[in-house]
Structures are given as C-alpha cells and as structure tokens.
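Geometric and topological summary
The lines below spell out each chain.
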Amino acid sequence: MAVSTPVATAVDAVTVTDRVCLDVGAGHGDSTAALLAADAANVYSVDSDPGRVAALADRFDDRCTPILADLRALPLGADSVDVCLAHAVCNQVTPAGLWTLATELARVATADATLVVDDYTPLPADAAVADLFALEDATACLATGAPAQTFYPPGLVAAVFEAHGWRPAGDRVLLDPVPWTGPHLDAHRGAIREGAATLVPTLHRGVTAALDAVVSTSDRAGSMYSRRFTRRD
Amino acid sequence: MTFGGIVLDHLEQPAANQMVEWVLDQGVAHFDVAPRYGDAELKLGPKLRQHREDIFLGCKTQARDYAGARDSLDRSLTRLGVDTIDLYQFHGLEYAAELEELTGEDGALRAFREARDAGTIEHIGLTSHGDPRLICEAIDRIPELASVMFPLNPVVMAKDDPEYDYAAVLDRAEEADIGTLAIKAFAQGPWPPESELPRRDRGYANWYEPVGDYETIRERFDFVAAQGVTSVVTPGDPKLVAMVADAATRYAGMDDATQRSLIAESRHEETPVPEQLHH
C-alpha cells in the first residue's frame, strides 16, 4: 500500500466527492491536486501571487478555478463552498490576519461545510532549525513589520475557528517529525538574504553574520497536524 | 528477516560458518542465495547441510530457457550439497521479453514445474528490481508464484512515477496472496563515480552505497517492515547484518506520520529546487 502525502492524508479524512472546494493559499497546487484526485466537483484555488495563479491555470483542467486574491478578502459569495482546505497556510498570516481569515471562511462556507486546517506545531526551542526561523522572523520584522511565519499552537488555531462557528470534528498527525531538508533551509536562507538586503547597512551586516552561525544542513523537528471542523450542529 | 547469502562471498569459510551459526541463533530461518553471488553457495554449503531442517532455503537462476534453468538448478544443488531447494526463483527479471521466454514452451518455468513435480524444489518465486508493472504482469502470468522479491525503501516510495511504484506490487501480491521479500531496504544511493571514489576505496561491499549508522538502519527496517512485507532481506555487506538483525528483533511497527515524514524527506532531498517548499 502506498504511503499518502501529508495533504492527501488530510483530504482522505473528509468527504470531497462532488463537493465544491476551496484551496486557501493554493501555492503550486499540490492541495488542489489532492482535492481533485478525491473527485471534488470543482476547486477554487486562491493565492495572492499572480505568477502562481497563472501556473495553476496551466496545471489543472477547468475543474480548478484559479483566483488571484487576498485570502482575507475572498471574492466568493456567502454559502458557496462545501470544503475549505487551509494546508500549511495559517503560519503565513499574522494573528489579526488569522482572525479575519476565519471570518472569511465562515462567510463563504455552506451550512454543512467542512474545514481542514493543516499546519506545523511550534518548533521545540532546542531545534537547530528554530534559530534559522527566528532569524528569518527577526529579519522580516525589521524589513516589513511582521514575522515571516508563525507556527501557532494547534489549540490556538482551533480556538480562533471555533469562535467563528466551526466545531471540532477530528484530527490527524500528518508528519512526525517534520523533515526540514536542504532545499527547505536554502529557501529560508534565501528569504533571509533578500530581507536583509532591504535593511540599513549595519543591520544587513548583522543579519548576514548571524546567518553564517545558524543551521545550514537538514533537521527533523516539530510535527504537522491536521484538524477538521464542521459547521453542522 | 531474510538472510541475504551474498555476504558469505565476502567471508573466508570459518567466518562464513560463524555468520550462519550467528544468524540461526538470532532466530532467522529464511536464507537466500544465488549462483551469481561468487562463492556464496559453496560457503553456505557446510552449515546448510548441518542445519538443513532449520533453514528455509531460497536460491535463484538467471536462466530463462528450459535447459539453462535445469542445468542451473543442478549446479546449485551440487554446489550447495543438498537435494532440495525450498524456494527457487527467477533471478532479476528485467525485460518483458524475458517474461515471454521463461513462460514460453521452451522456457525456464517448464523446468521449474518439472523440478517441483520431482520434489527438487518446493515453491517458485521471482526477484526483480525492474519495472513494477512487469512484476505485476509476472504475478498474473505465473499462477504458481509463491513470492516476489523487489526493492522497497522511502526513496523509491517517494518517487511519483509508475517506474518505481513498488507499492503497486505490494498491493498486487497481497491480492494474489503471495509472499513479499523486500530488498534494497538499506540502500542510500548509487556510489559516487569511480573518478571520485575508486571501487577499492569504498567502505562497503554492496554495489550501491548503503546507510551505515544504526539509527538509520533501524529506521529503514521499521519503515519497510511497516509496509506489510513478509520479510526484509539483509544487505550484502557483513558489517551490516548484525545491526539489521538487532533492528528486526526490536521491531515494533512505525506510525503513519513517521512513514510520511521519511517519504517527504526523501522526496525533497531528490530535487535540488523543489516546487513546493512546504510539506
């Protein structure tokens, strides 16, 4: 028996067949692919990056509707989506953004909709990779005023969605541990360098020096969870 | 766990005898050998004969034609010094034409069937690290297959490609209710080119570079065993056998999230620039 991918494992726990789905923060489309493979009627694949949205149109047939939009202001009507999938996307939004996202998902969801939220647990403080993420967050805060990503405790994410009428309906562990491989770390190092380049020279030098001191090889740390919610009573 | 007899080719006779005694002491009953493995058949012989009742003996042939398979079986029986082989396997099936030949009128399968009817061999099996679709076809076309031996590890399972879909073989074998023997469980990858690392400077006898540390060996064993195979075959270097046997003794399953983690790790390691950087 083949071992499923994390997102396919999350999707496998919900009824997707012939339902209208929303892929929140679709990225390169792996979550959309999992929803389509599970026979979704169609998938609204929303992302805020024009290049990625254009690539989604090339990757999928017309069962996928790529949408360029801010996740916190979805151009979808009320009661229009049966399954919402937020795979590894909550970590990309600020606490205020998370609240708004929960409000939006509650608005577009039908009365018996299902929500799946997958994300990383907070990293253990002693994980080598935690220093790299801390440096990326510090750099992003200096450059833009907001951290690059936040690995919220799953209970906190659940509380935000529950405050918007979603009831817990089950959970799974998708990855344990999470493999942070060379390419992952290189991408984060790249983001740090890009952010540092926008800072004043002293800060730029400081971040670059710190980058030499943090982990550059692979690491295994934390886990990735999947939580399901329903609007049904 | 299955003892991969190829390691005996790398040992002198006294050490080969000790290895067989030690493996038997670990409770291992299934031994697998082949004429291709240098002197492994000859070196297994003495202890095999001494403990014949305790050993389920697998052997193989690369012959695909009737006469070749018959001669190969005779030669193996002579070299091993025994009258019977418990599991006789078509070794290293790679091409569709080979499957045609061995199942044809003048093919090796006829020799296998005759040997089985004569009591020289008990079961018929197949080994391959070729295309999984060909292995599945062989399962369909050779109704008496008792087992298939094929590669299984997180790296091949991470490849989203029918050419490496050995999970499909696992499913097909389960459907057909036949045994599954996993090889290459401990393979890390191909050796660097000879220009970078000459053959004489390699640290292991395997023809691929194996994982070498105990933690990784245990992780690989647990992963492969957790896929539901009948048995995991030990790798070809004598240094690794004890570690694998220890892992087998301690095996207590592997949860799904850890299996996915190992596959995700392999998947991302293969591509220098993965398209999607979350998991």
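All of these numbers come straight from a predicted model, not from anything done at the bench.

**Brief notes about the state of the cysteines**
All names here are of chain A. Under the criterion given, the structure shown has zero disulfides over all chains. Just so you know, cysteine 64 is unpaired, no disulfide at all, and the nearest cysteine sulfur is the one on cysteine 21, 11 Å from it. What makes cysteine 64 buried here is its relative accessible area of 7%.

**Considerations on a nonpolar patch on the surface**
Taken together, the side chains of Leu142, Val200 and Leu203 of chain A define a hydrophobic patch exposed on the protein surface, amounting to about 250 Å² of accessible area. Owing to a relative accessible area of 46%, leucine 142 of chain A belongs among the partly exposed residues under this scheme.

**Digging into the sheet that holds strand S6 (residues 145–151) of chain B**
Residue and element names in this part refer to chain B. Overall, parallel pairing links the eight strands, which are arranged S1-S2-S3-S4-S5-S6-S7-S10 in an open sheet. The open sheet is flanked by strand S1 (2–4) and strand S10 (231–232), the only strands paired with a single partner. As judged from the three bridges shared by strand S2 (residues 30–32) and strand S3 (residues 56–61), these two strands associate in the parallel manner. Bridging from a neighbouring strand, aspartate 32 pairs with glycine 58 of S3.

**Describing the packing of helix H7 (residues 182–197) of chain A against helix H8 (residues 201–213) of chain A**
Residue and element names in this part refer to chain A. Two numbers describe how H7 lies on H8: the axes approach to 8 Å, and their chain directions differ by 165°. Here H7 lies roughly antiparallel to H8, going by the angle between them. Viewed along their axes, H7 and H8 form a crossing whose handedness is left-handed. Contacts between H7 and H8 involve Arg189, Ile192, Arg193, Ala196 and Ala197 on the former and, on the latter, His204, Val207 and Leu211. Residue composition of the contact of H7 with H8, grouped by class: five nonpolar, one polar and two charged.

**A look at the environment of glutamate 194 of chain A**
Residues and elements named next belong to chain A. As for its placement among the helices and strands, glutamate 194 is situated in helix H7. Look at glutamate 194 and you get exposed, because its relative accessible area is 62%. With 10 residues separating them along the chain, glutamate 194 and histidine 204 place their C-alpha atoms 9.9 Å apart.

**Points about the sheet that holds strand S9 (residues 224–230) of chain A**
For sheets, the rule is that strands pair by backbone hydrogen bonds, running either parallel or antiparallel. All names here are of chain A. Taken in spatial order, the seven strands make up an open sheet running S3-S2-S1-S4-S5-S9-S6, and their pairing is mixed. Looking at strand neighbours, the two that pair on one side only are strand S3 (64–68) and strand S6 (167–175), the edges of this open sheet. Across this sheet, the average inter-strand angle for adjacent strands is 15°, counted without regard to direction. For strand S1 (residues 20–24) and strand S2 (residues 42–47), the ladder comprises five bridges, and the chain directions are parallel. From the neighbouring strand, leucine 22 faces S2, where its bridge partner is tyrosine 44.

What counts, and where the lines are drawn
Residues numbered from 1 in each chain as written. Chains lettered and ligands numbered in written order. Predicted model: local features only at pLDDT ≥ 70, side-chain atom pairs only at ≥ 80, totals over all residues. Heavy atoms only, no water. Disulfide = S-S within 2.5 Å. Buried < 20%, exposed > 50% of the residue type's maximum accessible area, 1.4 Å probe, protein only. Patch = residues over 30% accessible without salt bridge, like charges linked within 9 Å, V, L, I, M, F, W, Y side chains within 5 Å. Areas by Shrake-Rupley, 256 points an atom, 1.4 Å probe, with all protein chains shown as cover. Salt bridge = Lys/Arg side-chain N within 4 Å of Asp/Glu carboxyl O. Pairing = 2+ DSSP bridges. Helix = DSSP H or I, 4+ residues; strand = E, 2+ residues; numbered from the N terminus. Axes fitted to C-alpha atoms, helices over the stretch in contact; angles between N-to-C directions. Parallel < 35°, antiparallel > 145°, perpendicular 65-115°, else oblique. Left-handed = near helix turned anticlockwise from the far one by under 90°. Contact = heavy atoms within 4.5 Å. Nonpolar A, V, L, I, M, F, W, Y, C, P; charged D, E, K, R; others polar.

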